[in-house]
Amino acid sequence: MISFYPGPSKVWDKLPQYLQEAFQEGVLSINHRSPEFVAISREAIRLLHEKLNIPKDYTIFFTSSATECWEIIAQSILGSSKSLHLYNGAFGEKWQEYTQKLTGQATARTFSPEMPPQPVGLELEENTLLLALTQNETSNGTALPQHFFQEVRRLYPEVLIAVDATSGMAGVNLDFPTADIWYASVQKCFGLPAGLALMICSPRALARAEALNERLHYNSLLFMQEKIVDAQTTYTPNVLGIYLLMRSLQDRPSITTTAALLKERYRQWVLFFEEHPFFRLLIKNSAVRSQTVLTLEGKEEEVALLKQAAKTAGLYLGNGYGKWKKNTFRIANFPALNETEIRQLKNFLAGYSQGS
Ligand SMILES: *Cc1c(COP(=O)(O)O)cnc(C)c1O
């Protein structure tokens, strides 16, 4: 079964080899305070900086999921300060809801999936500490364009900007200096098994954490910072996940190369669906369409039949999400999917005719 689900998704073809190496090198039993672990963790962090173009002065933390990052931001950055959450889909909404429960100060502002929000008209309430953005909304296949982040940064230099880049990081060349906090879990574009995430913080974000001085949780950002200085974590982390991250990054080209490849594959998918008799891209405005998660729309019965037929053919398609649950399906355009697999899916989709 080849998984085109937009996370967890297909893992790197070389994963069995990496796992074997991890086992043989004793990684599965190492202590998380040992020099062996520290070497792996340091190398993973170094490679992230190098291959994803993460600025030197941004700190990379290991967490267990993107969801955990929502909580860390609320407890260790916001406290009882105001945040504005700008979103058009289910993940942005969940982030706002969790934050609201913890801070009581999280304002929601929604925008249409077809229309990017206008940075000029944001009208932040007074004392808004943080703006929460979703770089790639996995639920509907939209993305905020690069220039949006640059524009927001320029117009609101005072406010901290936090970005959920879960289904974009490692697939899109993110402009890290345009925000203060970026996070992503590894089961999407990183092509790795679930259970590990990264949270990347600017010096300004860490200065805010120090000013707030929240120290009540195992994952209080200040505790995490004390440990990450020595490439360690506050709890026993997903050591295997960190090893796999290091090992897979060693074999990866720079993000510029990967992003260009995905962009070209995306372009080919768009051309492909322009010709398709049953399914078309849900998002019509190409300026806000995601290049890493494609959402296809069709008649409910066609979508159901297609997903079933695909499964029989060994191809696992992503279900629709939320209000698009029944009339859409999703296809991951993540780096670990290879050309042969993409060809296989295209052949299947091209040969698909009603109910067969
Ligand atoms: C998958 C996803 C999440 C949730 O990730 P977890 O690792 O399950 O916490 C959050 N935000 C976005 C945009 C996602 O795609």
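Everything numeric in this text was worked out from a predicted model, so none of it was measured. Residues take numbers from 1 onward in each chain, read along the sequence in its written order. Owing to the predicted nature of the model, reporting of local features is limited to residues with pLDDT of at least 70; listing and counting of side-chain atom pairs is limited to 80 or more, with chain, interface and lining totals taken over all residues. Excluding hydrogens and water, the side-chain values take into account all heavy atoms of the structure.

## Quick look at the packing of helix H6 (residues 203-212) against helix H7 (residues 221-228)
Working step 1: Packing of H6 against H7 leaves a shortest axis separation of 9 Å and a crossing angle of 120°. Classified by the angle their axes make, H6 and H7 are oblique. Residue-level contacts link Leu206, Ala209 and Glu210 of H6 to Leu221, Leu222 and Gln225 of H7.
Working step 2: In the contact of H6 with H7, the residues fall into four nonpolar, one polar and one charged. Between N-to-C directions, angles span 0 to 180 degrees; the directions come from axes that are lines fitted to C-alpha atoms, helices contributing only their stretch in contact. In DSSP terms, a helix is any run of H or I states spanning at least four residues, a strand is any run of E spanning at least two, and both are numbered starting from the N terminus. What sets the label is the angle itself: under 35 degrees gives roughly parallel, over 145 gives roughly antiparallel, 65 to 115 gives roughly perpendicular, and the rest give oblique. A contact between two residues is defined here by any heavy atoms of the two lying within 4.5 Å. Amino acids are sorted into nonpolar (Ala, Val, Leu, Ile, Met, Phe, Trp, Tyr, Cys and Pro), charged (Asp, Glu, Lys and Arg) and polar (every other residue, Gly among them).

## Side note on the site of the ligand
Working step 1: A molecule or strand has a residue near it when one of that residue's heavy atoms lies within 4 Å. Taken together, 13 residues lie around the ligand, and Thr67, Thr138, Asp164, Ser185 and Lys188 are the ones closest in.
Working step 2: Counting of polar contacts relies on pairs of N or O atoms within 3.5 Å, with two restrictions inside protein: one atom must be capable of donating a hydrogen and the other of accepting it, and residues adjacent in sequence are counted only when both atoms are side-chain atoms. Between Ser185 and the ligand, the recorded distance is 2.7 Å, taken from a side-chain N or O atom to an oxygen atom.
Working step 3: Here an oxygen atom of the ligand sits 2.6 Å away from a polar atom, N or O, in the side chain of Lys188.
Working step 4: Surface accessibility follows the Shrake-Rupley procedure with a 1.4 Å probe radius. Residue values consider only the protein chains on display as shielding. Here the ligand, which alone exposes 390 Å², has 86% of that area covered by the protein.
Working step 5: In terms of residue count, helix H3 (residues 66-78) provides more of the shell around the ligand than any other element does, three residues in total.

## Describing the pairing of strand S10 (residues 197-201)
Working step 1: For every residue, the accessible area (1.4 Å probe, protein chains only) is compared with the maximum for its type, and the residue is labelled buried under 20%, exposed over 50%, or partly exposed between those bounds. With five of five residues buried, S10 lies mostly within the body of the structure.
Working step 2: Both faces of S10 are covered, namely the face carrying Ala197, Met199 and Cys201 and the face carrying Leu198 and Ile200.
Working step 3: Strand pairing follows a simple DSSP-based rule, namely that at least 2 bridges must link the two strands. Both strand S2 (residues 59-63) and S10 contribute to a ladder of five bridges, which runs antiparallel. Directly across from Phe62, in S10, lies its bridge partner Leu198.
Working step 4: Where strand S9 (residues 181-185) and S10 come together, five bridges link them in antiparallel fashion. Residue pairing across strands places Ala184 opposite Leu198, the latter belonging to S10.

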